[in-house]
Amino acid sequence: MGRRGSWPAAALVVAVALLAGCGGGGGSGTVTLNWWAYNEPSGSFREAADRCTAQSHGRYKIAFNPLGNNADEQRQSLVRRLAAKDASIDLMSMDVIWTAEFAEAGWVKPWPESLARQVRQGTLSGPVETATYQGRLYAAPANSNTQLLWYRKDLVKQPPKTWDELIDTAAKLPKAGRIEIQGAAYEGTTVWFNSLVESAGGTILDGPDRVALQQGPTLKATGIMSKLAHSKAADPSLSTQKEDQNRLAFEQGDAAFQINYPFIYPSAKEGNPAVYKQIGWAPYPSVTAGGPNKAPIGGFNWGVGGYTAHPAEAFAAAMCLRDEENQRGFALKGGLPPTLQSIYDDPKFQAQYPFAKVIRQQLDAPGVRPKTPLYADVSLAIYTTVSPASGIDQGSVYGTLRGRVQDALDSKGLL
Amino acid sequence: VSTNAPPQTGAAVTAPPRGGPRITERARAERRLGWMLCAPAIVVMVAVTAYPILYAIYLSLLRADLRFPGQRQWIGLDNYITVLSSSLWWTDLWHTLLITAISVSIELVLGMLLALVMHRAIFGRGLVRTSSLIPYGIVTVVAAFAWRLAWSGAEGGFVPKVLGFSTDPLTDPFWQYVVVILTEVWKTTPFMALLLLAGLALVPDELNEAAKVDGATAWQRFWRITVPLMRPAILVALLFRTLDAFRIFDSVYIISNNGVNRDIETVSVLGYQTLLNRLNLGLGSAVSVLVFLCVMALAFLFIRLLGTRQPGAAS
């Protein structure tokens, strides 16, 4: 009974604290920018935020808000807030596949043309394309990513150049001839399928709302996926594997080949130094000998939230967060490939980041995934059709795929 | 044998005598006070439960996609027609019913055994009860991860090695079901056992003793005395668990490697994918409302089938 009086007092204290918190910014003129970003494990994103805060000399302060580990979780967290027009999202790290969706919904601000020109200047063409939707730049490419063919130098003398060569070479190896690749029903399988279709000269979509999926390239792509899944070189867990399970199997010495992103290299150094010493890398395989290899492109672009109250500061901060110094940090600490030409040209960087040259080449003409606001649906339609790859029926898959992708574009039905 | 064993909760707590037709002033004041004390809770319940349910029903009648806020449109029952005419809904419903039926049946048998053990335990009763509750105390996601990591060939689990699998069990639908059902059973049998234990406490020992004197075997006593008297408790336990199991999400989602797994996808996972991945609020809400209706139908069936005669309630 005697403690009754303390409740209103406590509530008042809380209310005052909340109100003070909402005020934000403060009177000193420093704007607090909330940056929602992937919590890059080496901490290089966080460090970039601190560095840019210091360099702004009190113009803005970047508060780092970590997002979940996988792209789906990150998207869910952002979309929930953006759909409610949350003004507290000033800056965000956007996966390359969200550009069209966020742009169409107004969740991200287009870059003013003067700043956009600065961003395009000196940035590799692949990453710029991922941040562009219908001719406008919606985000600034901060890091890129691409898959390479990793192989064991002690088992393979000459790395194969095409998918057929890869599968045949691996199947003939006496032991540990496995190919580690992503095969679970998730985005990673769409990545693989897209690169195969594009390498074979096709595309999945023709513009944001039309199915392309030309018959020849589509069947070539599903044929390769099916051949790999049925070959002796397939991992028995192929239908549940994602990037990290591939990394683990390769690190444990269970495989001769791996199609994966460069993060596996520093990881193997920690995880299994014996395997690490034997790791070689080669360009992503092509579909035909001498033909193009439209390697996957991933990475993060910095976008400015569509409802931010501080767009000018946010654009300035985004420019800073992608400057050369920070991109070097992302690459050397986190293993994430830069998007700036100048970094690749630097001999010192080439020595520190041994696969710089191959990555640089792949990022000039990569296999960019379809640009549509309905990307999540399109991808779902694709990966639920071609995974598990061992279940692909070459006779019917073409029609099924076209029908399902069309349904996805029409927002029709359950997928 | 067990005259001093269980606290006779059932017998001790007798219902307060029903106030007759005459309600005193005092009773009326107490009733009013009761309503006033409940009011805040009711307001909160309406705000956090009734509102979202009604909003979901409303959304399910719209074409509503988070990505195209400008294209919202009233479409009546179209979303329901879409869902109900999709083969995916029916296969996912079948998966859900399969998992529910098998896991709840196993839980009922194991839960009954566990309850009997806890009821009859002479020493270490507290220890037995506490230790059997540990799985129930573990967060479902964590439990599901533990089972996945144990069974996954791709992630170096020990089970495939011990059982001598040449392939990865988690790539085979049959074994995926086994692991999901094992996870469910392992996790929720203690809950079932606790509910049944409360029912066991309601069975008067005198009846069992009398039957024993009359020469009934333990098996006959269990089926003729214990089970009929426990009927309400069994009904409640089955109802709770079935409704819970029907909405299964966590373990299926985790054992499918946080992705889509069409062989084992359940209706809740389908709703989640449609709502949170595709951002299709109309279609996703229709799935959610249908899940809700299924749960209501199950509850109704249970009460009609098992609840009409309640011999236990008579005592």
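Residue positions are given per chain, counted from 1 along the sequence in the order it is written. Here every chain gets a letter starting at A, and every ligand a number starting at 1, in the order they are written. Only residues with pLDDT of at least 70 are given local features in this predicted model, and only at 80 or more are side-chain atom pairs given and counted; all residues enter the totals for whole chains, interfaces and linings. For side-chain calculations, the full set of non-hydrogen atoms in the structure is used, while hydrogens and water are omitted.

Structural notes on the overall build of chain B
The condition that has to hold: For the purposes of this entry, the term helix denotes a DSSP run of H or I that reaches at least four residues, the term strand denotes a run of E that reaches at least two, and both are numbered from the N terminus. The rule is simple: take the accessible area with a 1.4 Å probe, protein chains only, and divide by the maximum for that residue type; under 20% is buried, over 50% is exposed, in between is partly exposed. Only the protein chains shown count as covering a residue, and every accessible area follows the Shrake-Rupley method with a 1.4 Å probe.
What chain B contains, in helices and strands, is 14 helices and two strands. Burial status across chain B gives 43% buried among its 315 residues. In the form shown here, chain B has an accessible surface area of approximately 17,300 Å², with 71% of it arising from carbon and sulfur atoms.

Details of empty space enclosed by the protein
Quick reminder of the rule: Points on a 1 Å grid, built from protein atoms alone, make a cavity when a 1.4 Å probe fits but cannot get out and make a pocket when they are open with protein on both sides within 12 Å along at least 5 of 7 lines; residues with an atom within 4 Å of a point are the lining residues. Grid points are joined across faces, edges and corners, and a volume is the space filled by probe spheres set on the points. Under the grouping applied here, Gly and all other residues not named as nonpolar or charged are polar, the nonpolar ones being Ala, Val, Leu, Ile, Met, Phe, Trp, Tyr, Cys and Pro and the charged ones Asp, Glu, Lys and Arg.
Applying the stated rule across the entire model yields two cavities of 30 Å³ or more. In terms of residue class, the lining of the largest cavity is built from seven nonpolar, two polar and two charged. Its boundaries defined by the atoms lining it, the second largest cavity holds a volume of some 40 Å³. As for the second largest cavity, its lining consists of Leu-380, Leu-414 and Leu-415 of chain A together with Arg-262, Leu-270, Gln-273, Thr-274 and Arg-278 of chain B. Broken down by element, the lining of the second largest cavity gets its largest block of residues, three residues, from helix α12 (residues 267-277) of chain B. Residues that form the lining of the second largest cavity fall into these classes: four nonpolar, two polar and two charged.

Remarks on the confidence of the model for chain A
Note: predicted coordinates in regions of low pLDDT should not be interpreted at a detailed level. Residues and elements named next belong to chain A. Filter applied, for reference: pLDDT measures the predictor's confidence residue by residue and takes values from 0 up to 100. Between two residues, a contact is recorded if the distance between any of their heavy atoms is within 4.5 Å.
On average, residues of chain A carry a pLDDT of 91, and 93% of them reach 70 or more. Mean pLDDT values over the elements of chain A span from 49, in helix α1 (residues 6-23), up to 97, in strand β3 (residues 91-95). Counting interchain partners and residues more than four positions distant, the pLDDT-below-50 stretch residues 1-5 has zero contacts. Scored below 50 in pLDDT, residues 16-27 shows two contacts in the model against residues more than four places distant or in partner chains.

Digging into the packing of aromatic side chains
Residue and element names in this part refer to chain A. This is how it is decided: Only centres within 6.5 Å qualify two rings of Phe, Tyr or Trp (six-membered ring in Trp) as a pair; their planes then separate them into stacked at under 30 degrees, edge-to-face at over 60, and tilted for everything else.
For the structure shown, the criterion picks out 38 aromatic pairs over all chains. A centroid spacing of 5.2 Å and a plane angle of 85° characterise the contact between Trp-150 and Phe-355, whose relative ring orientation is edge-to-face. With Trp-150 in strand β7 (residues 148-152) and Phe-355 in the loop between α16 (347-352) and α17 (356-362), the pair connects residues that are 205 residues apart, well separated along the chain. Note on accessibility: Trp-150 and Phe-355 belong to one class, buried. Cluster of aromatic residues (ring-pair linked, three or more members): Trp-150, Tyr-265, Tyr-276, Trp-281, Tyr-344, Phe-349, Tyr-353 and Phe-355.

Points about the sheet that holds strand β2 (residues 60-67) of chain A
All names here are of chain A. Here is the rule we go by: A pair of strands counts as paired when DSSP detects no fewer than two bridges linking them. The angle between two axes is taken between their N-to-C directions and runs from 0 to 180 degrees, where each axis is a line fitted to C-alpha atoms and a helix contributes only its stretch in contact.
Across the sheet, which stays open at both edges, the five strands sit in the order β2-β1-β3-β11-β6 with mixed pairing between neighbours. Edge strands, defined here as strands with exactly one partner in the open sheet, are β2 and β6 (140-146). Going across the sheet, the axis of each strand differs from the next one's by a mean of 20°, ignoring polarity. Across two bridges, strand β1 (residues 31-38) lies against β3 in parallel orientation. Considered in β3, the bridge of Trp-36 is made with Met-92.

Considerations on the packing of helix α2 (residues 44-55) of chain A against helix α14 (residues 324-334) of chain A
Residue and element names in this part refer to chain A. Condition: Any angle that is under 35 degrees is reported as roughly parallel, and any over 145 degrees as roughly antiparallel; angles of 65 to 115 degrees are reported as roughly perpendicular and all others as oblique. Handedness of a crossing follows from how the near helix is turned relative to the far one, being left-handed for an anticlockwise turn of less than a right angle and right-handed for a clockwise one.
α14 packs onto α2 with a crossing angle of 160° between their chain directions and a minimal axis gap of 9 Å. Compared by their axis directions, α2 and α14 come out roughly antiparallel. Considering only the axes of α2 and α14, their crossing is right-handed. Between α2 and α14, the residues in contact are Ser-44, Phe-45, Glu-47, Ala-48, Arg-51, Cys-52 and Gln-55 and Glu-325, Asn-326, Gly-329, Phe-330 and Lys-333, respectively.

Quick look at the sheet that holds strand β10 (residues 279-282) of chain A
All names here are of chain A. Strand order in the open sheet made by the four strands is β8-β9-β7-β10, with mixed pairing throughout. Only two strands of the sheet have a single neighbouring strand rather than two, namely β8 (178-180) and β10. Within this sheet the neighbouring strands show an average axis-to-axis angle of 25°, counted without direction. Here three bridges tie β8 to strand β9 (residues 255-260), and the two strands are oriented parallel to one another. The residue bridging Arg-178 from the neighbouring strand is Ala-255, located in β9. Helix-sheet contacts for helix α10 (residues 243-251) involve β7, β8, β9 and β10, and the interaxial angle to β9 is about 155°.

Quick word on the layout of surface pockets
By volume, the second largest pocket is sized at about 790 Å³. As for the second largest pocket, its lining consists of 41 residues, and the residues nearest its centre are Thr-384, Ser-387 and Pro-388 of chain A together with Asn-261 and Arg-262 of chain B. Put simply, the parts of the chain that give the lining of the second largest pocket at least two residues each are α18 (375-386) and α19 (397-409) of chain A together with α4 (87-120) and α8 (173-200) of chain B. Top element by residues in the lining of the second largest pocket is α19 of chain A. It accounts for four residues.

Observations concerning the environment of Ala-29 of chain B
For Ala-29 of chain B, the position within the fold is in helix α2 (residues 25-59). Sequence separation between Ala-29 of chain B and Ile-248 of chain B is 219 residues, and the spatial gap between their C-alpha atoms is 44 Å.

A few points about α2 of chain B
To keep things clear, this is the line we draw: To estimate the expected span of a helix, count its residues, drop one, and scale the result by 1.5 Å. One axis fitted to the seven residues ending at a residue, another fitted to the seven starting there: the angle between these axes is the bend at that residue.
A rise of 1.5 Å per residue sets the reference length of α2 of chain B, with its 35 residues, at 51 Å; its end C-alpha atoms lie 47 Å apart and thus fit the reference within 8%. At Ala-39 of chain B, α2 of chain B is bent by approximately 40°, the largest bend along its length, and proline Pro-40 of chain B sits one to four residues beyond.

Brief notes about the pattern of salt bridges
Pairing of side chains with opposite charge becomes possible as their charged atoms draw close. Counted only if it meets this: The rule for a salt bridge is simple: a side-chain nitrogen of Lys or Arg has to be within 4 Å of a carboxyl oxygen of Asp or Glu.
Per the stated rule, a full pass over the model turns up 28 salt bridges over all chains. Across the salt bridge formed by Asp-235 of chain A and Arg-178 of chain A, the nearest N and O atoms sit 3.6 Å from each other. Taken together, the positions of Asp-235 of chain A in the loop between α9 (215-230) and α10 and Arg-178 of chain A in strand β8 put the pair 57 residues apart, joining distant regions of the chain. The exposure class of Asp-235 of chain A is buried, given its relative accessible area of 7%. Overlapping salt bridges bring together Arg-75, Glu-101 and Asp-377 of chain A together with Asp-65, Arg-67 and Arg-278 of chain B as one network.

Structural notes on the confidence of the model for chain B
Residues and elements named next belong to chain B. Averaged over every residue, the pLDDT of chain B is 86; the share at 70 or more is 90%. The model gives residues 311-315 a pLDDT under 50, and that stretch makes six contacts with residues more than four places away or in other chains. With a pTM of 0.84, the predicted complex shows an ipTM of 0.80.

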